[in-house]
Structure formats: structure tokens, C-alpha cells
Amino acid sequence: MSINSRHSLPFLPGYTFRDVTKSAFHRPQTLGYKNGYALPRRPPVGTAPLLSEQLAQNEISDLSLQTPDVTSGHIKTPDFIPAHVTLDKKVLCFNAYFHEDVLYSPDEKSRVRSVVIYYYLEDDSMCIIEPLVENSGIPQGKVIKRQRLPKNSRGEHYHWKDLNLGMDLEVYGVIYRITHCDAFTQEFMESEGIIVNDPEPMPVDPYIAHRNRPQPSYIARSDLDRVKKFLTMDRKVLRFFALWDSTDSLYGETKPVTIQYYLVDDTVEVREVHEPNSGRDPFPVLMRRQKLPKKIKSEHFPRCVLEVSPQEVDEYYSPKDFQVGETVKLMGRRFLLYDCDGFTKSYYQKNHSDLELKPREGPKKADTVQDRKREVPPYNGFGSLEDSLQNCLSLVPEPPKKNMIKMLENDHKVLRYTARLDSQYPEDDGRPFILSYFLSDDMISIFEKRTSGIMGGKFLEKTRVPKPGSTVENPEFYSPADFTVGATVEVFGHRFVLTDADHYVLKYLESISDQIPSQTLDSMRQRLGTHLDQGTANPNASLTLNI
């Protein structure tokens, strides 16, 4: 049922009429795709028209009075492209600035802050970004995020037609002065018929202009210009390697030290050189950083005074007093300067070329524990050789390193052999076993078959088996080249005779034939029924062992 809204009849029984032209009463789908773009579409025939599709009377009259240019023939219309696709990623860029008042500052009253205004043509949105200035101390970056900016209180928004050079743009109470734009923006505006004004220069920030103003310079004496000395000599240190000779005292010895002369304030520091595990206290500073007096004004200066004031010092130690190859006396102690670092040598060659540096041979280092050859204790029989060796290499043993490439390449590759036990006891002689050799880690495991009177099961856990006669120092382990049909393998005192092998064994041995003796390959081919000239397995032979 529908209501006749034209006559505005009351919604009462008898006052409503059914629309006979309406055949579909569902809500029609008004969205569709055309050439890959989502577009609205008109409802089909038989449904109620949408309010947006209802045309005014003057529009219907204009459409009815229009006459087509071509009355016959097929007209090919171009593909429709929406505006948001045509204007995608097309942005107008304007440069602008605004004034910011600075309160309670004696240096500045206002700042000039430059911004960049971006106008996105696809959805008429705008964003304002302030370029970052290093060490400005002002929070900068995105001033206004991308959105449609209001133009006035009537709900209107800014359009690209409202933007031009030399105009003021008011956004949320802030007035932005547009100065210039980029080449694409100017070309787009002129193509749309808008006359672009002349660009304006960006005003200079008064605080920046005040900072860039040259400061008055004063000429001072070189010995009193401490700021210049700090700027030129900061972090420049002369380093000397010396020997402290204290043999004249009780339990005296010669100790290696380093003397550091700081050029920025002419101070000296002496540090001891401690070797690892030397047993000395962990306090390397022998003399703290200070200025060392070289000559005192009064010759009768009392020796009991511990501190000397600057007024009583006539001269301090300078770089000229430290000469490599000579002995210098600091605080009553003798130091032999035998060498220096590269920066010190270049400093003396540049500033004190008259002083000759005579490097001497330094103290010889004694053989440390790291330089001595480590002796591995004998094997105690617990665990494998690799695990026991880790207890000798570190206090907290770590698992031995494995060949990961070999493990990945030979993962799940196993060589299987049938063997019988060769024992001196008649009840054990001839017991059947399966010997498996794992190529990933060169380990062997032995499994016993179930026979009458014997349960069978695992005989040997997966482990590396050394050859008989090998020593603990140089162990030799079994490899695929040692397993031939008829060979005897001794495993921890038990003798096994190989009777048969899997066909995969022959296939693997032939792939590495340059590493396998020819006798081993011949025995495998004869046993598995293969031809020596072809080198291929007999197709009638079984490819797996009957375990």
C-alpha cells in the first residue's frame, strides 16, 4: 500500500489507494559498477522512483525540447571516468605564513612562521603543514590535518577558486598570508581561467634577523682568551706511555703508566696500566687531573704545605716539558717516557718541531695464561668425547657445535645393513641385527631382530662408534667407506659381520664414488645383483630390507 502524497489525504481507511503501476515493493539497489567504478544507478521499472531522481518540470521540458545532432546511425560514446579518478593525486601547493604573538619576552614580540597549504582536488580537502626546523624549540609539523576547511558561519567550505596569491586565508581564527605557489598549481589555475597574482616575498623573522646580526668583536690577549682555547683545544689530549720507577722504595718495582696532558686547560693525569688478573686494586688513577706546578716563586716554601695557591706558582708544566725518551719528575716520582700515540707525535711535529722524539722499547709482556698451550686431561669415560671436552674449555659447558649444513643436506638419510653377531658363545653366535648409519651426524644405531628365544629390540643407542685401535687424542670413527658386505665391524667389544645392505646404500655410494674405495663398490654390486659395467641396480632385486 502506498500513500497518495499529492492530495495529502489522511491516513484513514478508505482514504488510501493502491498504486496499480507499482509491481515491485522491495527496496531497490541504487549502487552499481560501470567500467570498474562504483556509481549510483536509477531504480528499475515498476519500483518507486528515488527523490534524487525526480526532475523538476523545467528540467523535463529542457530534455524534451532538445534535438540530437545525429538522428540515425550508431554513436560511440567515450568511456566514462569519474571526477575523483581524474583528479586523483593532484594537489595544489601554496606557500604561506602567519604571525604568532610572543608574550613576556624581551627579545621578540612576534614570530613569522612559514607553512605549506595543500589542496586536494579529488575531495576538496585541505591540510596545513609547517616545515620542521632543526633545534627550533617550537613544536612543528602538521598544523591542521586533512579536512574540508570552513569558509564562513553559513556552512560553506573553501574551494580552489577561493585561493590565490597575495590573499589572506582565515582558518579557525588564524590568518594565513599566501605568498607563492608551485608550477603545477599556477598552470592549473590559469587553465581554469583564473588570473594568478604576482608572488610576494616571504617576510623575515625579526628574531632570526637579530640572531644573524654580527656581534661586536673584541681583541684580547691570546693568553687570556680562554673561550678560543676551549673551542680549539677541547678533547685534544697528549698521551704518553711511561714507566714509573719506584725501585728505591721498599718492595718497589717498575710499573707501566699512561700520562695524559689535556691541552684545553694544561692539566695532567697519571693512570696505572693494570693487566687482567694482576691482583692489584681496581683504582687505576695514580694522580688525579690537575695542574702541576713546575717552579714556585719562593725558594723557602715550607715543605709541609699540601696545597699550593696559584699566586705562589711561577710556572706550570707545559707540553715542552714532556719529551719522549727522557725522564720527567712529577710530584717527586720519576717517569720514563718511552713512547706516545699518533696524535701526540703529529702535535709535536706541527707545534714543537725543535723537540726530537726518541721512542724506546717498552716493557715486554710475560706469557699469559691465554698464550700458553692448553693440555686436555685424559678422557674419563663419561659421555662422548665432544661433551667431555666442553668441560675443559669453559666453566659453564656448552653443547658442542654441529655442522648444520651437513645436517640439513643429509636429513633423514640413513644407510641400513643386515649383520650377524660374531661371538665366542654358541648361543649368541648368528643373532640377526639391523645396523643403521645416519649421514646427518655420522652416528650408528643397532636394532636386534626378534627370533625364537630372543625378544629383540634396541641393542645400541644412536651414537658415534670409534674404530678399534684409535686413541682418545686422535679418535677415528666409522664412515660409509668402512662398511662392505662381509666386513667385520667392532662396536664397543662386540663384533658384527655385515651380510647384506639396502639398495639405497649402493645408490648413495655411487653418488660419491670418488670418496669410496673400488673394493667397497664392487662388493656392493656383486651382493645386490648389479653389473660392474653398467653400475645400476638389478630391477628384480628388493629395494628395502625385511626388518
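About the criteria used
Residues numbered from 1 in each chain as written. Predicted model: local features only at pLDDT ≥ 70, side-chain atom pairs only at ≥ 80, totals over all residues. Heavy atoms only, no water. Helix = DSSP H or I, 4+ residues; strand = E, 2+ residues; numbered from the N terminus. Buried < 20%, exposed > 50% of the residue type's maximum accessible area, 1.4 Å probe, protein only. Contact = heavy atoms within 4.5 Å. Areas by Shrake-Rupley, 256 points an atom, 1.4 Å probe, with all protein chains shown as cover. Pairing = 2+ DSSP bridges. Phe/Tyr/Trp six-rings, centres within 6.5 Å; stacked < 30°, edge-to-face > 60°. Patch = residues over 30% accessible without salt bridge, like charges linked within 9 Å, V, L, I, M, F, W, Y side chains within 5 Å. Salt bridge = Lys/Arg side-chain N within 4 Å of Asp/Glu carboxyl O. Axes fitted to C-alpha atoms, helices over the stretch in contact; angles between N-to-C directions. Parallel < 35°, antiparallel > 145°, perpendicular 65-115°, else oblique. Left-handed = near helix turned anticlockwise from the far one by under 90°. Nonpolar A, V, L, I, M, F, W, Y, C, P; charged D, E, K, R; others polar.

1. Some remarks on the overall build of the chain
Argument step 1. Assigned secondary structure in the chain consists of 10 helices and 22 strands.
Argument step 2. Across the 547 residues that make up the chain, the buried fraction comes to 27%.
Argument step 3. For the chain, the share of sequence-separated contacts (at least 6 apart) that also reach a separation of at least 24 residues comes to 45%.
Argument step 4. Put simply, the chain shows about 39900 Å² of open surface, and 51% of that area lies on carbon and sulfur atoms.

2. Digging into the pairing of strand 11 (residues 267-272)
Argument step 1. In terms of burial, strand 11 is largely enclosed, as 5 of its 6 residues are buried.
Argument step 2. Pairing between strand 10 (residues 254-262) and strand 11: 6 bridges, direction antiparallel. Within strand 11, the position partnered with T258 by the bridge is R271.
Argument step 3. What sits between the antiparallel neighbours strand 10 and strand 11 is a turn of 4 residues, in which D266 has the positive phi angle 60 degrees.
Argument step 4. The pairing of strand 11 with strand 12 (residues 285-290) spans 3 bridges and is classified as antiparallel. The residue of strand 12 that forms the bridge with V268 is Q290.

3. Here's the deal with the packing of aromatic side chains
Argument step 1. If you walk through the whole model with that rule in mind, you get 16 aromatic pairs.
Argument step 2. Ring geometry for F184 against F188: centres 6.4 Å apart, planes inclined by 25 degrees, an arrangement best described as stacked. With F184 and F188 both in helix 3 (residues 183-191) and 4 residues apart, the pair spans about one turn of that helix.
Argument step 3. Take F184: its relative accessible area is 35%, and that puts it in the partly exposed class.
Argument step 4. Taking the relative accessible area as the measure of exposure, F188 reaches 15% and is therefore buried.
Argument step 5. Where Y417 meets F483, the ring centres are 5.4 Å apart and the plane angle is 45 degrees; that geometry is what we call tilted.

4. Overview of a nonpolar patch on the surface
Argument step 1. Residues L9, L12, Y15 and F17 make up a contiguous nonpolar surface patch of roughly 380 Å² in combined accessible area.
Argument step 2. Take L12: it is sitting in the segment before strand 1 (31-34).
Argument step 3. Given a relative accessible area of 45%, L12 falls into the partly exposed group.

5. Details of the environment of S518
Argument step 1. Position of S518 among the secondary structure elements: in helix 10 (residues 518-527).
Argument step 2. For S518, a relative accessible area of 53% corresponds to the exposed category.
Argument step 3. The spatial distance from the C-alpha of S518 to the C-alpha of A481 is 9.7 Å, given a sequence separation of 37 residues.

6. As for the sheet that holds strand 4 (residues 110-120)
Argument step 1. If you walk across this open sheet you meet the 6 strands as 6-5-4-3-8-7, and the pairing is antiparallel. A single partner strand is all that each edge strand has here, and the edge strands are strand 6 (141-147) and strand 7 (168-171). For this sheet, the mean inter-axis angle between neighbouring strands, taken without regard to orientation, is 30 degrees.
Argument step 2. Note: strand 3 (residues 91-101) against strand 4, 11 bridges, orientation antiparallel. Each residue of the ladder has a partner; that of V91, found in strand 4, is Y120.
Argument step 3. Relative to strand 3, helix 3 is tilted by about 110 degrees, and along the sheet it contacts strand 3 and strand 8 (174-181).

7. Considerations on the pairing of strand 4
Argument step 1. Examined bridge by bridge, strand 4 and strand 5 (residues 125-130) share 5 bridges and lie antiparallel to one another. Across the sheet, residue V116 finds its bridge partner in strand 5, namely I129.
Argument step 2. Remark: 4 residues form the turn of the hairpin made by strand 4 and strand 5, two consecutive strands paired antiparallel; D124 in that turn has positive phi of roughly 60 degrees.

8. Focus on the sheet that holds strand 19 (residues 443-448)
Remark on secondary structure: sheet strands pair via backbone hydrogen bonds, oriented parallel or antiparallel.
Argument step 1. Read across the sheet, 6 strands follow the order 20-19-18-17-22-21 without closing on themselves; strand pairing throughout is antiparallel. Of all strands in the sheet, those with a lone pairing partner are strand 20 (457-463) and strand 21 (488-491), marking the two edges. The mean inter-strand angle of the sheet, taken between neighbouring strand axes irrespective of direction, is 30 degrees.
Argument step 2. Strand direction decides the pairing type here: strand 17 (residues 414-422) and strand 18 (residues 432-438), joined by 7 bridges, are antiparallel. Along strand 18, the bridge assignment pairs A419 with F433.
Argument step 3. Sheet strands touched by helix 9 (residues 503-511): strand 17 and strand 22 (494-501). Its angle to strand 17, the strand with the most contacts, is close to 120 degrees.

9. Let's talk about the packing of helix 9 against helix 10
Argument step 1. Between helix 9 and helix 10, the least distance of the axes is 10 Å, while the angle of their chain directions is 150 degrees. Taken together, helix 9 and helix 10 sit at an angle that is classed as roughly antiparallel. Considering how the two elements wind past one another, helix 9 and helix 10 form a crossing that is left-handed. Contact residues: helix 9 offers V505, L506, L509 and E510, while helix 10 offers T520, L521, M524 and R525.
Argument step 2. Here the residues of the contact of helix 9 with helix 10 are counted per class, giving 5 nonpolar, 1 polar and 2 charged.

10. Remarks on unusual backbone geometry
Argument step 1. Even without being glycine, Y104 reaches a positive phi, approximately 60 degrees.
Argument step 2. Among the secondary structure elements, Y104 is positioned in the loop between strand 3 and strand 4.
Argument step 3. With relative accessibility at 84%, the residue Y104 sits in the exposed group.
Argument step 4. The phi dihedral of D266 is positive, around 60 degrees, even though this residue is not glycine.
Argument step 5. Exposure remark for D266: the relative accessible area of 23% places this residue in the partly exposed category.

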